[in-house]
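Results of the structural survey
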Amino acid sequence: MTMITIINDSEDNQVIVGEQTSNLIARQNKLSNAEKEVLLNESVELFSKCTSESKEVNSTTGLAIGYVQSGKTLSFTTITALAKDNNYRIVIILAGTKNNLLYQTTERLRDDLLTHSTNNRQYKVIENPDTNQIPLIKRSLKQKHKPLIILTALKHRSKIDRLTNIFSDLDVTENLGSNPVLIIDDEADQASLNTLARRNSRNNTDDESRTFESIVNLKNSIINHTFLQYTATPQGPLLIDIMSVLSPDFHVVLSPGTQYTGGQR
């Protein structure tokens with residue numbers, strides 16, 4: 001029997017903690033029970049502020065702040081499991097600017113989420129997708145057991161533009177409908193923000209750096225989504241113009257584990 005817990009907050013969305021999230025956290029053998037509880041509570045708090053099925057047209061931006069090497073990847077893996085439990089169909093993860101980080105993140109997701117053969121029905125993980133994957137994505141969206149499609153991509157203009165092309169395809173948009181999409185930006189302080197902002201302020205211009213422009217186009221191609229930024233250095237996302245599309249509407253500070261030792265120590 002699967003235990004499903006619905007957590008309700010008067011201001012935020014209801015969050016279902018179902019089989020995928022419960023099993024993922026239970027498998028974290030290196031965490032104490034108290035640490036598992038903190039992980040779940042903070043993940044639910046973040047997810048409750050994201051968009052939902054009830055908001056057919058919506059765009060929101062969030063910020064998750066955590067120490068260096070303190071469990072941010074596990075946090076957004078838990079968020080991904082919550083997305084599956086709450087009827088999301090697609091999660092996009094912009095996994096940094098380097099190929100080795102993209103590979104590491106993609107393999108970590110596969111290891112943590114696709115733990116046994118039955119879970120292969122629950123998730124479809126596609127690395128650096130392009131329009132050639134549109135038929136696979138369309139078939140997955142049509143499947144009755146509703147697998148969560150996880151698209152991991154390098155944070156590079158050409159790779160993000162390919163994602164935009166996928167979401168501009170009529171077959172994909174018709175099958176997705178108004179189902180919410182979660183976009184996770186790992187290392188959000190790197191490359192994502194408009195690096196021409198300072199020059200614009202001096203010259204009274206509104207030019208956009210290439211990666212930032214691509215992210216904006218991706219966001220514009222998805223009618224119901226949350227853009228969730230993860231970083232250990234939040235000064236950039238916090239201090240940008242509040243009118244920027246990447247200015248966070250909400251934020252959560254992540255707690256490190258009890259065994260965490262960082263640079264300050």
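Quantities reported herein were computed from a predicted structural model and do not represent experimental measurements.

1. Side note on the overall build of the chain
Regarding its fold elements, the chain presents 10 helices and nine strands. Out of the 265 residues in the chain, the part that is buried amounts to 47%. On the chain, roughly 13,600 Å² of surface is accessible, and the fraction owed to carbon and sulfur atoms is 46%.

2. Here's the deal with the sheet that holds strand E6 (residues 148-153)
Strand order in this open sheet of seven strands is E5-E6-E4-E7-E8-E3-E9, and the pairing throughout is parallel. Pairing within the sheet leaves two strands with one partner each, and these edge strands are strand E5 (123-127) and strand E9 (250-253). When the angles between neighbouring strand axes are averaged without regard to direction, this sheet yields 20 degrees. Against the sheet, helix H2 (residues 33-48) contacts strand E3 (58-65), strand E8 (224-231) and E9, and its axis sits at roughly 175 degrees relative to E9. In the packing of helix H3 (residues 72-85) onto the sheet, contacts are made with strand E4 (90-95), E5, E6, strand E7 (181-186) and E8, and the angle to E8 comes to roughly 165 degrees.

3. A short note on H3
In this model H3 runs 20 Å from its N-terminal to its C-terminal C-alpha over 14 residues, within 8% of the 20 Å that 1.5 Å per residue would give. Extensive coverage of H3 is indicated by the burial of 13 of its 14 residues. Among the residues trailing H3, asparagine 87 stands out with phi positive, at a value near 70 degrees.

4. Brief notes about the side chain of serine 43
Within the fold, serine 43 resides in helix H2. From its side chain, serine 43 meets the backbone oxygen of leucine 39 in a polar contact 2.7 Å long. Residues contacting serine 43, with those up to four places away along its chain left out, are Ser75, Thr78, Ile79 and Leu82.

5. A short note on the pairing of E8
When you tally the buried positions in E8, you get eight out of eight residues, the bulk of the element. Where burial is concerned, the two faces of E8 agree: the one with Asn224, Thr226, Leu228 and Tyr230 and the one with His225, Phe227, Gln229 and Thr231 are both buried. Across eight bridges, E3 lies against E8 in parallel orientation. Looking across to E8, one finds that threonine 61 is bridged to phenylalanine 227. As paired strands, E7 and E8 are joined by five bridges and run parallel to one another. When the bridges of E8 are listed, isoleucine 184 appears paired with leucine 228.

6. Section: the nonpolar core
Ranked by size, the top nonpolar core spans 32 residues in total, and within it Leu46, Ile79, Ile93, Ile150, Leu182 and Tyr230 carry the most contacts. Sorting elements by how many residues they give to this core places H3 first, with five residues. With sequence-adjacent residues up to four places away left out, isoleucine 150 is seen in contact with Thr80, Val91, Ile93, Leu109, Leu113, Tyr123, Lys124, Val125 and Ile126. Ile134, Phe167, Leu176 and Val181 belong to the second largest nonpolar core, which has 27 residues in total.

7. Some remarks on the environment of aspartate 130
Note that aspartate 130 resides in the loop between E5 and helix H5 (134-142). Between the alpha carbons of aspartate 130 and leucine 151 there is a distance of 10.0 Å; along the sequence they are 21 residues apart. Beyond its immediate chain neighbours, meaning those up to four positions away, aspartate 130 contacts Arg162 and Ile166. Only 2.9 Å separates the side chain of aspartate 130 from the backbone nitrogen of asparagine 132, close enough to count as a polar contact.

8. Overview of the packing of helix H6 (residues 157-167) against helix H9 (residues 210-220)
Two numbers describe how H6 lies on H9: the axes approach to 9 Å, and their chain directions differ by 15 degrees. With respect to H9, the axis of H6 lies roughly parallel. Judged by the sense of rotation from one axis to the other, the crossing of H6 with H9 is left-handed. Along the contact surface, H6 presents Arg157, Ile160, Asp161, Leu163, Thr164 and Phe167, while H9 presents Arg210, Thr211, Glu213, Ser214, Ile215, Asn217 and Leu218. Of the residues belonging to the contact of H6 with H9, the class tally is five nonpolar, four polar and four charged.

9. Quick look at the environment of isoleucine 223
Mapped onto the elements, isoleucine 223 comes out in the loop between H9 and E8. Sequence separation between isoleucine 223 and phenylalanine 167 is 56 residues; the distance between their C-alpha atoms is 9.9 Å.

10. Describing the packing of helix H1 (residues 19-26) against H3
Running from amino to carboxyl end, H1 crosses H3 at an angle of 155 degrees, the nearest separation of the two axes being 7 Å. In terms of their interaxial angle, H1 and H3 are classed as roughly antiparallel. Residue-level inspection shows Glu19, Gln20, Thr21, Leu24 and Ile25 of H1 in contact with H3, the latter providing Thr77, Thr78, Ala81, Leu82, Lys84 and Asp85. The residue inventory of the contact of H1 with H3, partitioned by class, reads four nonpolar, four polar and three charged.

How each quantity is defined
Residues numbered from 1 in each chain as written. Predicted model: local features only at pLDDT ≥ 70, side-chain atom pairs only at ≥ 80, totals over all residues. Heavy atoms only, no water. Helix = DSSP H or I, 4+ residues; strand = E, 2+ residues; numbered from the N terminus. Buried < 20%, exposed > 50% of the residue type's maximum accessible area, 1.4 Å probe, protein only. Areas by Shrake-Rupley, 256 points an atom, 1.4 Å probe, with all protein chains shown as cover. Pairing = 2+ DSSP bridges. Axes fitted to C-alpha atoms, helices over the stretch in contact; angles between N-to-C directions. Contact = heavy atoms within 4.5 Å. Expected span 1.5 Å × (residues − 1). Polar contact = N/O pair within 3.5 Å; in protein donor to acceptor, adjacent residues only side chain to side chain. Core = buried A, V, L, I, M, F, W, Y, C linked by side-chain atoms within 4.5 Å. Parallel < 35°, antiparallel > 145°, perpendicular 65-115°, else oblique. Left-handed = near helix turned anticlockwise from the far one by under 90°. Nonpolar A, V, L, I, M, F, W, Y, C, P; charged D, E, K, R; others polar.

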